[in-house]
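Summary of the model geometry
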Amino acid sequence: MDTSASTTPTWTAYGETLTSRLMLGTAGYPSPTVLRQALDASGAGVVTVGLRRMVAGDGGDNAFLNELLPPLRARGVRLLPNTAGCRSAREAVALAHMARELMDTHWIKLEVVGDEHTLQPDPWGTVEAAAELVKAGFAVFPYCTDDLVTCQRLLDAGCELLMPWGAPIGSGQGLLNPWALRTLRARLPQVPLVVDAGIGAPSHAALAMELGFDAVLLNSAVAHARDPVAMARAFGDAVRAGRLAFEAGVMAPQDMAIASTPVSGRPMLLG
């Protein structure tokens, strides 16, 4: 008997079919070798890299671009450059254009920081930059909060996909507001949604998938693990399990106990 409900966990982003629902960052790994092994173990279909770190001469990111990117592309893995570290829409737009020239992709993960303590994205700057980048032909993956109105404004600006946070980036706190994420999923049923930032454990990723999100993006939880390769594999398994659970139908929580084997009438002894 076949017990698998979904053996091909595909989803679509900007018209392209992706064969993995896990997206992985490339920063902070102990070495390029560990990064390559973790990417292989995760099964990630999209990897993101910070262009600002490359411009600043970050050895890890340069090694990724020069050594790891060609074999990943040969396997169909997509590159998603990001504008991490940008503090204004103007800066993010300029960096996106540079990324398109350098990395030969019109995909861009848009980040415009609005607060230095939480690294919370600036909603006004993000919407402004998104609108300009969409007009310039970019496929924009906007990093945003879980605020429904901000998300709607990004869709109005031409974004076809949203990346709301689970918690502040790098915090590992998981999904701090499941209600808001559940609301986004319910109100935007046809929009690809990716939980980005704050995920610290495979169980957090599984929960995001159980809520019906299309994918998750994470970095620190793998890069800073004691064994990044094993953790990458654990996240790959968790994402697949969470999606399978969503498709199978997670039971609704109840306010009181409900016997799994109900009986009627008075108890009796069987001899």
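Residues numbered from 1 in each chain as written. Predicted model: local features only at pLDDT ≥ 70, side-chain atom pairs only at ≥ 80, totals over all residues. Heavy atoms only, no water.

This part covers helix H7 (residues 178-187). Every buried residue of H7 is listed here: Ala 180, Leu 181, Leu 184 and Arg 185. Down the axis of H7, the buried set is contained in an arc of 140°. They therefore lie on one face. Seen from the open side of H7, the exposed residues pointing more than 90 degrees away from its buried face are Trp 179, Ala 186 and Arg 187. Residues of H7 that are buried in the fold lie against helix H6 (148-156), strand E8 (163-164) and strand E9 (194-196). (Buried < 20%, exposed > 50% of the residue type's maximum accessible area, 1.4 Å probe, protein only. Helix = DSSP H or I, 4+ residues; strand = E, 2+ residues; numbered from the N terminus. Arc of directions from axis to C-beta. Contact = heavy atoms within 4.5 Å.)

Our next topic: helix H1 (residues 32-42). Three or four residues apart is the spacing at which side chains of an α-helix point the same way, because the helix has 3.6 residues per turn. Along H1, the residues classified as buried are Val 34, Leu 35, Ala 38, Leu 39, Ala 41 and Ser 42. In a view along the axis of H1, the buried residues occupy a sector of 165°, so they form one face of it. In the segment just after H1, Gly 43 is the residue with positive phi, at about 75°.

When the UniProt feature table is mapped onto this chain numbering, "active site" (unreviewed entry) sits at Lys 109. Tracing the backbone shows Lys 109 in strand E6 (residues 107-110). Looking at Lys 109, the relative accessible area reads 4%, which means it is buried. Those residues within four positions of Lys 109 in sequence are excluded, and the remaining contacts are Thr 48, Leu 80, Pro 81, Asn 82, Thr 83, Phe 141, Tyr 143, Met 163, Asp 196 and Leu 217. (UniProt positions renumbered as here; feature names shortened; annotations may be inferred.)

What follows is about the pattern of salt bridges. Inspection of the entire model under this criterion finds 8 salt bridges. The shortest N-O distance in the salt bridge between Asp 196 and Lys 109 comes to 2.9 Å. Of the two residues, Asp 196 is situated in strand E9 and Lys 109 in strand E6; the sequence distance between them amounts to 87 residues. Lys 109 carries the same exposure label as Asp 196, and that label is buried. Note that Arg 153 is salt-bridged to Asp 156, the shortest N-O span being 3.9 Å. Placement of the pair is Arg 153 and Asp 156 together in helix H6, with a separation of 3 residues, close to one helical turn. Judged by relative accessible area, which is 61%, Asp 156 ranks as exposed. One connected set of salt bridges, linked through shared partners, spans Lys 109, Glu 111 and Asp 196. (Salt bridge = Lys/Arg side-chain N within 4 Å of Asp/Glu carboxyl O.)

Turning next to the pairing of strand E7 (residues 139-144). Along E7, 6 of the 6 residues are buried, which leaves the element largely enclosed by surrounding structure. Covered by surrounding structure in E7 are Ala 139, Phe 141 and Tyr 143 together with Val 140, Pro 142 and Cys 144, the residues of both alternating faces. As judged from the 4 bridges shared by E6 and E7, these two strands associate in the parallel manner. If you follow Ile 108 over to E7, its bridge partner there is Val 140. Bridging between E7 and E8 involves 2 bridges; their strand directions are parallel. By the bridge assignment, Cys 144 is partnered in E8 with Pro 164. This β-α-β element, E7 to H6 to E8, shows right-handed connectivity. (Pairing = 2+ DSSP bridges. Right-handed = clockwise from strand over helix to strand, strands pointing away.)

Once that is clear, we can look at the state of the cysteines. On inspection of all chains with the given rule, the structure shows 0 disulfides. We note that Cys 151 lacks a disulfide partner, and the nearest cysteine sulfur, in Cys 144, lies 3.9 Å from it. (Disulfide = S-S within 2.5 Å.)

Backbone geometry places Tyr 14, a non-glycine residue, at a positive phi of 50°. A positive phi angle is found at Leu 119, which is not glycine, with a value near 55°. Relative to the helices and strands, Leu 119 resides in the loop between E6 and helix H5 (123-135). For Leu 119, a relative accessible area of 30% translates into the label partly exposed.

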